[in-house]
Amino acid sequence: MSHHPVDHSPAQIVIIAKEPLPGKVKTRLTPPYSPAEAAALAEAALSDSVRAVAAAPATQRVLALDGLPGRWLPAGFVVIPQRGEGLDERLAAAFADALRLRPDPVVLIGMDTPQVTPALLREAGKALERHDAVYGPAADGGFWLLGLRRPDPALLLGVPMSHPETGKLQLDRLERAGLAVHHLPELIDVDTAADAVAVAAAAPASCFAATLRELGR
């Protein structure tokens, strides 16, 4: 009889991310930061995010990447390219591609919440044992986490992204599909310099906070 460790999660975790190149990431941080500084902050946020995923229970860890992996990526991740035009298509494709690799429930996060913890990711994975979906709202009106027990592109395609009501519209889509949704706490996405300060204060031990402190000198 096999027995699982107590920390077993039934879900895989996907991070959807962009290679942190100057001028390509975190453009809303410039000004006050230079494109190179904004990229350094993006790389730090991505490092913190992949570390949290690496430390959380998961049946598989996937990075759906626009670009190439760098020194910020620890071992143990399957790297797949992003597909699609708009963010809704890219998210739907990341769910579908992870599911093709391994037919487990999928928890997906981005690279904009370096304050995410393994405990929050564990809660998301566990929630999919009893719920159809798990949802983490972002303070800017979007969402920082979306988990689906049975991923279906129709749950995401056509939801307007980067819109003040993105999160509400995505949640409406899940609820209209009749899914039971588990809600996680709201987190701040790093978009602006003010967001960066708030997130660093919430996670003072993070790589992100250390990078912000260095840039402030």
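Residues numbered from 1 in each chain as written. Predicted model: local features only at pLDDT ≥ 70, side-chain atom pairs only at ≥ 80, totals over all residues. Heavy atoms only, no water.

This part takes up the overall build of the protein chain. Broken down by element type, the protein chain carries six helices and seven strands. N-terminal to C-terminal, the α/β element order of the protein chain is β-α-β-β-α-β-α-β-β-α-β-α-α. Relative to its length of 217 residues, the protein chain is compact, with a C-alpha radius of gyration of 17 Å against a globular reference of 17 Å. Seen through its principal axes, the protein chain has C-alpha atoms that stretch 55 × 40 × 30 Å. Each of the 217 residues in the protein chain was classed as buried or not, and the buried ones make up 51%. Contacts in the protein chain between residues far apart in sequence, at least 24 positions, make up 64% of those at least 6 positions apart. Surface summary for the protein chain: the accessible area is close to 10,100 Å², and the carbon and sulfur share equals 55%. (Helix = DSSP H or I, 4+ residues; strand = E, 2+ residues; numbered from the N terminus. Rg over C-alpha atoms; globule rule 2.2 N^0.38 Å. Buried < 20%, exposed > 50% of the residue type's maximum accessible area, 1.4 Å probe, protein only. Contact = heavy atoms within 4.5 Å. Areas by Shrake-Rupley, 256 points an atom, 1.4 Å probe, with all protein chains shown as cover.)

What follows covers helix α3 (residues 118–130). Within the span of α3, buried status applies to Leu120, Leu121, Ala124, Gly125, Ala127 and Leu128. Projection of α3 onto a plane perpendicular to its axis shows the buried side chains occupying an angular sector of 155 degrees, all on one side. Contacts from the buried residues of α3 go to β1 (12–18), α1 (35–55), β4 (106–109), β5 (133–137), β6 (143–148) and β7 (181–183). (Arc of directions from axis to C-beta.)

Right, let's get into the nonpolar core. Ile15, Leu63, Ile109, Leu121, Trp144 and Leu145 are the most contacted members of the largest nonpolar core, which has 32 residues in total. Residue assignment for this core shows that the elements contributing at least two residues are β1, α1, β2 (61–66), β4, α3 and β6. With six residues, the single largest contributor to this core is α1. If we ignore the near neighbours within four places in the chain, the residues touching Leu145 are Val107, Leu108, Ile109, Leu121, Ala124, Val134, Tyr135, Gly136 and Leu184. (Core = buried A, V, L, I, M, F, W, Y, C linked by side-chain atoms within 4.5 Å.)

Let us look at the side chain of Asp48. When you line up the elements, Asp48 lands in helix α1. Buried within the structure, Asp48 lacks any salt-bridge partner; Arg51 is the closest side chain of opposite charge, at an N-O distance of 4.6 Å. Of note is the side chain of Asp48, whose polar atom sits 2.9 Å from the backbone nitrogen of Cys207. Setting aside its immediate chain neighbours within four residues, Asp48 contacts Pro114, Ser206, Cys207 and Phe208. (Lys, Arg positive; Asp, Glu negative; His and termini not counted. Salt bridge = Lys/Arg side-chain N within 4 Å of Asp/Glu carboxyl O. Polar contact = N/O pair within 3.5 Å; in protein donor to acceptor, adjacent residues only side chain to side chain.)

Moving on, we get to helix α5 (residues 193–202). Quick reminder: α-helices carry 3.6 residues per turn. Residues three or four places apart thus point the same way. Listing the buried residues of α5 in full gives Asp195, Ala196, Val199 and Ala200. End-on, the buried residues of α5 take up no more than an arc of 130 degrees, which puts them together on one face. When the buried face of α5 is taken as reference, the exposed residues oriented beyond 90 degrees from it are Ala194, Val197, Ala201 and Ala202. As for α5, its buried residues are in contact with α6 (207–216).

As a further point, take the pairing of β5. In terms of residue burial, β5 counts as a mostly covered element, since five of its five residues are buried. Alternating positions in β5 separate into two faces, Ala133, Tyr135 and Pro137 on one and Val134 and Gly136 on the other, with burial throughout. Remark: five residues form the turn of the hairpin made by β5 and β6, two consecutive strands paired antiparallel; Gly141 in that turn has positive phi of roughly 100 degrees. With three bridges joining them, β5 and β7 adopt parallel strand pairing. In the sheet register, Ala133 faces β7, and the bridge partner there is Val181. (Pairing = 2+ DSSP bridges.)

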